Every structure is written in C-alpha cells, then in structure tokens.
Amino acid sequence: MARLYAATGDGIVRLEESDETWTVGLLLSGSGARCLAVDPADPDTLYAGLRQGGLHRSVDGGRNWVDCKLPELAVFSLAVSAADGAVYAGTEPSRLFRSDDRGESWREIEALLELPSRPSWSFPPRPWTSHVRWIAPNPHDPGLLLVGIELGGLMRSSDGGQSWQDHRPGAQRDVHSLAWHPHVPGRAYEAGGGAAFSTDAGESWQRADGGRDRHYTWSVTVDPDDPDCWYVSASTGPFAAHGHGDPQARIYRRRDGEPWQPLGGGLPEPLPALPYALLATDSRMFAGLADGQLWESRDRGDSWAATHVEGERIAALLALAGA
C-alpha cells in the first residue's frame, strides 16, 4: 500500500493504492501548483508551491489547505529536511526562505544572494531573471544544504545557509534536480545539463555522462539500498523535452560506475514524454511522465508496467508517503 502525490502544473494529484488499485484525487485544482514536498516525519503534512500563488500547507493529506504567507509568490522549489524538519522554499526571482515552525513564519537566507556568481544567473527563456530550481537538505546533517540555481550553478552550505560556497567544481551549472543518498552520508547526485555525483558531501563533483545518447537530463533518483545505483531521465534537448515535439525521452540506470544503460522492459522506446519525476523506494520505482502516464518497476528498472493513471500532467516532483 502506498500513497503518491504529484504536482501537475495546475494542481496536486493524490494517488492512493489499495490491493494494487489506485484511487486518484485532484487537490488545489486551478492553483498553478508546480512543486511539492511531503514532511518525512508526517505523511499527512505536505506543502504546495504555486507558480504565482505563494505556498500552501495541508496537515490532513491535502483535504484542506492554508496559505503560509511566503514573501514571494512564484514558488519553484520546496523541501522538508529529514534531519531537523526545517521547511525550505525557493522562488523566482532567486530567493531562498526557511521556516522552523511548519510554514507559520519565514526568514530569508540572504547569504545565498551574496555569492560572486549571482550577477551571471539567468534563465534562458526569461533571461532577465533566474530561480531556485532545487533544494536538497542533507538527511544526515541539518547544516548541510545544496541549492540549484536555474541557470546559475550548484551552491553548497555547511552551516545552515549562513555562508555559501559558489558553484561546485565538476557539477552541472544547469541544475534540474538533486538527491542525497538516504543512508550513506556524503553521496549526492545531480541531473541537469548532464549528470554528476559527489562522494564528499557535495564539496566536489564528478561528471557521469558516458553511455547516454541523450544529454539533457531532468530527474534523478537513487536506489536506497545501493549508492552506486542511480537513475536519470533524459531527452535530446530542452525544446524537445518541454515543447510539443517528439522528446525521444528515456530513463537510464548507472550501476557500479559502469556507463549508463537505457531501460526498456515494457517501457515505450523511446518514451513519448519526458519523465518529469523519478522516485526509487526500497522495493519499487515510479516514473511520472509529462503527459500524465505513471509507470512502475518492482525490479530496479529491469521491467515496467503502466498504472493507467491518465488525464493529469504529472510535473515537477513525485513524493511517496506511506509504505
């Protein structure tokens, strides 16, 4: 039995499984919800970031919502720290906020905007601005935080945001998603203009692109039991990935430092839409496609089956609550 939430760009989809049947509910319909985060300590507490409506919180699994009164309206990224419960929100223009009372009050982490690279941050479709695309609090160390600026780089703080290191050596500057390994401290993963990984808690990064014939990567996830097994989704480029053409998308797996392997096992080849979200759990893996399809694997990506969830465009993030 599992529960999945997905931000669709219009609202939040809640999917609940019982006896291998999924029940689907649409929450915050018409809100412009583009990102979400589930509290690791409470699967009924979730946060939704709206494109122009600020940040909302639910404590009853999405049935009721309250406005968290974030100072910026355009929310592009959210995260809840598994280490200390802090809630983070990233916006456009690029600003980073933290709450220590579940979104009741906020303080801006202003030191992020003092980085030397800030004048060069620019999002190509809107070159006059940029946004905080991803926030990754380390699950083992509450002071360790990675932040991806689209487009600007991968930034690191080891003191809870009081000070920052500018774009890390070896990392991709076009950051789309980040992940920490849940059980192995120091292992981190990135998808963006390519793929990269870190073995020293994000201090330095190694590029990992061999074996992929598609280099515009979007989502990243890692096997909770194996830090050397991780996955990315990829397309041939940004216009193919997000436009109305053929994205020629694939899901790739990398194990034990070997080149990337494209996954099939029942998946359409190539995929008709970019997987905007990948999620690996202890025994299952999910892929949410931009056209609303949801696919599942129970053998680490060797074989896949469609869950037949249709009608909503699953975007930005999938978050699993329950077991």
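One can find the structure itself at the top, above this paragraph.
Residue positions are given per chain, counting from 1 as you read along its sequence in written order. Where local features are concerned, this predicted model is filtered to residues with pLDDT of at least 70; where side-chain atom pairs are given and counted, the filter is 80 or more; whole-chain, interface and lining totals use all residues. Where side-chain values are given, they derive from all heavy atoms of the structure, hydrogens and water being excluded.

A.B. asks: Explain unusual backbone geometry here, please?
C.D. replies: At the junction of Glu 92 and Pro 93, the peptide bond is cis and its omega measures out at 0° in the coordinates. Secondary structure counts use DSSP, requiring at least four H or I residues in a row for a helix and at least two E residues in a row for a strand, with both numbered from the N terminus. For Pro 93, the position within the fold is in the loop between β9 (87-91) and β10 (95-99). For Leu 28, which is not glycine, the phi dihedral falls at a positive 55°. Checked against the element boundaries, Leu 28 lands in the loop between β3 (21-27) and β4 (33-39). Of note in the backbone geometry, Ala 201 takes a positive phi value of approximately 60° without being a glycine. Judged by relative accessible area, Ala 201 falls into the buried class, the value being 16%. The buried label goes to any residue with under 20% of its type's maximum accessible area, the exposed label to any with over 50%, and the partly exposed label to all in between, with areas taken from a 1.4 Å probe on protein chains only.

A.B. asks: It is not clear to me how the side chain of Thr 221 should be interpreted in this structure. Could you clarify?
C.D. replies: Tracing the chain through its elements places Thr 221 in strand β19 (residues 216-222). Given the relative accessible area of 8%, Thr 221 is considered buried. Residues adjacent in sequence count toward polar contacts only when both atoms are side-chain atoms; beyond that, a polar contact is any pair of N or O atoms within 3.5 Å, and within protein one must be able to donate a hydrogen and the other to accept it. In this structure the side chain of Thr 221 is engaged in a polar contact, spanning 3.1 Å, whose partner is the backbone nitrogen of Ala 280. Two residues qualify as a contact provided that any one of their heavy atoms is within 4.5 Å of a heavy atom in the partner residue. Setting aside residues up to four positions removed in sequence, Thr 221 forms contacts with Trp 230, Tyr 231, Leu 278, Leu 279, Ala 280 and Met 285.

A.B. asks: How should the sheet that holds strand β15 (residues 175-180) be read in this particular structure?
C.D. replies: In a beta sheet, neighbouring strands are held together by backbone hydrogen bonds and run either parallel or antiparallel to one another. In this scheme, strands are said to pair when DSSP sees at least two bridges between them. What the four strands build is an open sheet, ordered β15-β16-β17-β18; its pairing is antiparallel. Since the sheet does not close on itself, it has two edges, and those belong to β15 and β18 (206-207), each with one partner. Sheet topology note: the β15/strand β16 (residues 188-192) ladder contains five bridges and is antiparallel. Bridging across to β16, Val 175 finds its partner in Gly 192.

A.B. asks: Looking at this model, I keep getting lost on the pairing of strand β24 (residues 285-289). Mind explaining?
C.D. replies: The side chains of a regular strand alternate, first on one face of the sheet and then on the other. Among the five residues that make up β24, five are buried, leaving the element largely enclosed by the rest of the structure. Side chains Met 285, Ala 287 and Leu 289 of β24 all project onto a buried face; the interleaved residues Phe 286 and Gly 288 project onto the opposite face, where all are buried too. Here strand β23 (residues 275-280) runs beside β24; their pairing, made up of five bridges, is antiparallel. When the bridges of β24 are listed, Leu 278 appears paired with Ala 287.

A.B. asks: Mind showing me how you'd approach the nonpolar core here?
C.D. replies: Within soluble globular proteins, side chains that are nonpolar tend to cluster in buried spots. Among the nonpolar cores identified, the biggest contains 21 residues, and Ile 251, Leu 267, Ala 287 and Trp 304 are the most heavily contacted of them. The residues touching Ala 287, leaving out its near neighbours within four places in the chain, are Ile 251, Ala 277, Leu 278, Gln 293, Leu 294, Trp 295 and Trp 304. In this description, a nonpolar core means a group of buried Ala, Val, Leu, Ile, Met, Phe, Trp, Tyr and Cys residues linked to one another through side-chain atoms lying within 4.5 Å. Ala 79, Tyr 88, Trp 121 and Met 155 belong to the second largest nonpolar core, which has 17 residues in total.

A.B. asks: Hey, could you run me through the sheet that holds β9 in this one?
C.D. replies: Reading across the sheet, the four strands line up as β8-β9-β10-β11 and stay open at both edges, with antiparallel pairing between neighbours. Among the strands making up the open sheet, the edge pair consists of β8 (75-80) and β11 (107-108). Of the strand pairs in this sheet, β10 and β11 are connected by two bridges, and their pairing is antiparallel. Looking across to β11, one finds that Phe 97 is bridged to Glu 108.

A.B. asks: Can you walk me through the state of the cysteines in this structure?
C.D. replies: Note on terminology: disulfide describes a covalent bond linking the sulfur atoms of two cysteines. In this description, the term disulfide denotes a pair of cysteine sulfurs within 2.5 Å. Using the criterion set out here, one finds zero disulfides in the structure. The thiol of Cys 68 is unpaired, and the distance to the nearest cysteine sulfur, on Cys 35, comes to 12 Å. Since its relative accessible area comes to 3%, Cys 68 is described here as buried.

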